[in-house]
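Residue strings, one per chain:
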Amino acid sequence: MRWEDFRRSDNVEDRRGQGGGFGGGRLPGGRGGLGIGGLIIVGLIAWATGINPAVLIGGAEILMGGGNGQSQQQQTQSAPRRAPDDQLGQFASAVLAQTEDVWTEIFKQQGKTYRDPGMVLFSGVTRSACGTAQSAMGPFYCPNDQKVYLDLSFFQEMKTRFRASGDFAAAYVIAHEVGHHVENQIGLLAKVQERQRQASRAEANQLSVRVELMADCLAGVWANHADQRFKILEDGDIEEALNAASAIGDDRLQKQSQGYAVPDSFTHGTSAQRVSWFKRGLQSGSLQQCNTFGSGNI
């Protein structure tokens, strides 16, 4: 994936502490390790590939902007902003910048204004307006402060445990998180939260699956437009993203962790579904093609 020559986002906050970050971390995919030890495997299973499940399913007061959520958001906002200076942090910043450019233009074409999300890079644990962010949760998007939270060691876990390596596989993860921000911008997440509060656990899980598959599709839409505009794709990049989407399907993760799959507990879709919806966005380049809630059969 071509990214080195493109601009970096101004919306990245590097909270990785001294000794807890990566320093000169390198990109995953056979071109060198990332430094410190990776996440425990539960991080990959808990990753709704994008959104903290408690935000959508739990409905706790702190996650809905009440209670301690407000004070945590204020503490998060007051943290000093520091731009990343290592290779992997620069990569994340460049990908975020490309999503900003793509979604700004798509929204503009529809007569709307796109508000950029923030991105917080951290190691181990940090605060978010949705509660405590921990590495073991995997990457997630917090709608309360409109920020993506990412411990970059997640990419090493993808490589070593699931053989989902490569810079474009990592870019897919970031684009998926930003897809949740797009969902938030168009008012979808609030509606899903309301429906989930009134639904059974199985029904709430199905709603979460549709949210996650839509974010996969939106990641494909971003890749389509980014390649048209910036010519980012190189040989093998699409295969990297499809491999990553397949590797983190609910059915595959559950079979690897417990030997069998429980469909009613799925929260982000099967491997086949994830691949299918990413490809749909990639091939169409259309936000309108990503309406998983309009599809009776996903």
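Details of the structure are given in the entry above.
Residues numbered from 1 in each chain as written. Predicted model: local features only at pLDDT ≥ 70, side-chain atom pairs only at ≥ 80, totals over all residues. Heavy atoms only, no water.

**Quick look at the side chain of Asn184**
Structurally, Asn184 can be placed in helix α6 (residues 167-185). A relative accessible area of 19% places Asn184 in the buried class. The residues contacting Asn184, other than those within four sequence positions of it, are Tyr141, Pro143, Gln146 and Leu189. (Helix = DSSP H or I, 4+ residues; strand = E, 2+ residues; numbered from the N terminus. Buried < 20%, exposed > 50% of the residue type's maximum accessible area, 1.4 Å probe, protein only. Contact = heavy atoms within 4.5 Å.)

**Considering α6**
The first and last C-alpha atoms of α6 sit 27 Å apart over 19 residues, in line with the 27 Å expected at 1.5 Å per residue. Where α6 ends, the next residue or the one after it, Gly187, has phi of about 85°, a positive value. (Expected span 1.5 Å × (residues − 1).)

**Brief notes about the packing of aromatic side chains**
Scanning the entire structure with this criterion turns up eight aromatic pairs. Ring geometry for Trp103 and Phe107: centres 6.4 Å apart, planes at 90°, overall edge-to-face. Note that Trp103 and Phe107 are positioned in helix α4 (residues 87-109) at a spacing of four residues, about one turn of the helix. Accessibility classification places Trp103 together with Phe107 in one group, the buried group. Relative to Trp222, the ring of Phe168 has its centre 6.1 Å away and its plane inclined at 15°; by these criteria the two rings are stacked. Here the residue Phe168 occupies a position in helix α6, and Trp222 occupies one in helix α8 (residues 201-230), the gap between them amounting to 54 residues. The same class applies to Phe168 and to Trp222, which are both buried. Ring pairs connect the aromatic residues Trp103, Phe107 and Tyr114, which therefore count as one cluster. (Phe/Tyr/Trp six-rings, centres within 6.5 Å; stacked < 30°, edge-to-face > 60°.)

**Some thoughts on the environment of Met214**
Tracing the backbone shows Met214 in helix α8. Expressed as a C-alpha distance, the spacing of Met214 and Gly281, which sit 67 residues apart in the sequence, is 9.0 Å. Apart from residues no more than four positions distant in its own chain, Met214 is found in contact with Glu183, Ile186, Leu188, Cys290 and Thr292.

**Comments concerning the state of the cysteines**
With the rule as written, the count across this model stands at two disulfides. Between the sulfur atoms of Cys130 and its disulfide partner Cys142 the distance amounts to 2.1 Å. When the S-S torsion is 90°, as for the bridge of Cys130 with Cys142, the disulfide is right-handed. Residue Cys130 is found in the loop between β4 (125-128) and β5 (131-134), and its partner Cys142 is found in strand β6 (residues 140-142); the two are separated by twelve residues along the sequence. On the accessibility criterion, Cys130 (3% relative accessible area) is buried. When its relative accessible area of 0% is taken as the criterion, Cys142 is described as buried. Put simply, Cys217 and Cys290 are joined by a disulfide, and their sulfur atoms are 2.1 Å apart. Disulfide Cys217-Cys290: the torsion about the S-S bond is -75°, which places it as left-handed. (Disulfide = S-S within 2.5 Å.)

**Examining the environment of Arg229**
Mapped onto the fold, Arg229 is located in helix α8. Between the C-alpha atom of Arg229 and that of Val102, which follows or precedes it by 127 residues, the distance is 8.4 Å. Those residues within four positions of Arg229 in sequence are excluded, and the remaining contacts are Asp101, Val102 and Glu105. Among the polar contacts listed, one links the side chain of Arg229 to the backbone oxygen of Asp101, at a separation of 3.2 Å. (Polar contact = N/O pair within 3.5 Å; in protein donor to acceptor, adjacent residues only side chain to side chain.)

**A look at a negative patch on the surface**
Taken together, the side chains of Glu4, Asp5, Glu234, Asp235 and Glu239 present a region of like negative charge at the surface. In this structure, Glu4 sits in the segment before β1 (12-14). (Patch = residues over 30% accessible without salt bridge, like charges linked within 9 Å, V, L, I, M, F, W, Y side chains within 5 Å. Areas by Shrake-Rupley, 256 points an atom, 1.4 Å probe, with all protein chains shown as cover. Salt bridge = Lys/Arg side-chain N within 4 Å of Asp/Glu carboxyl O. Lys, Arg positive; Asp, Glu negative; His and termini not counted. Charge placed at Lys NZ, Arg CZ, Asp CG, Glu CD.)

**What to know about the packing of α8 against helix α11 (residues 271-284)**
Packing of α8 against α11 brings their axes to within 6 Å, and their N-to-C directions diverge by 35°. The crossing of α8 and α11 is right-handed. Touching Val209, Leu213, Asp216, Cys217, Ala219, Gly220, Val221, Ala223 and Asn224 of α8 are Gln273, Arg274, Trp277, Phe278, Arg280, Gly281, Leu282, Gln283 and Ser284, all from α11. (Axes fitted to C-alpha atoms, helices over the stretch in contact; angles between N-to-C directions. Left-handed = near helix turned anticlockwise from the far one by under 90°.)

**Focus: the pattern of salt bridges**
Taken as a whole, this structure holds nine salt bridges when the rule is applied. A salt bridge links Arg15 to Glu13, with the nearest nitrogen and oxygen atoms 2.7 Å apart. For the pair formed by Arg15 and Glu13, the shared burial category is buried. One salt bridge connects Lys147 with Glu13, and the closest N-O pair in it is separated by 3.8 Å. Taken as a pair, Lys147 in strand β7 (residues 147-150) and Glu13 in strand β1 lie far apart in primary sequence, 134 residues in all. Residue Lys147 is classed as buried on the basis of its relative accessible area of 12%. For Glu13, a relative accessible area of 3% translates into the label buried. Sharing partners across several salt bridges, the network here consists of Arg7, Glu100 and Asp101.

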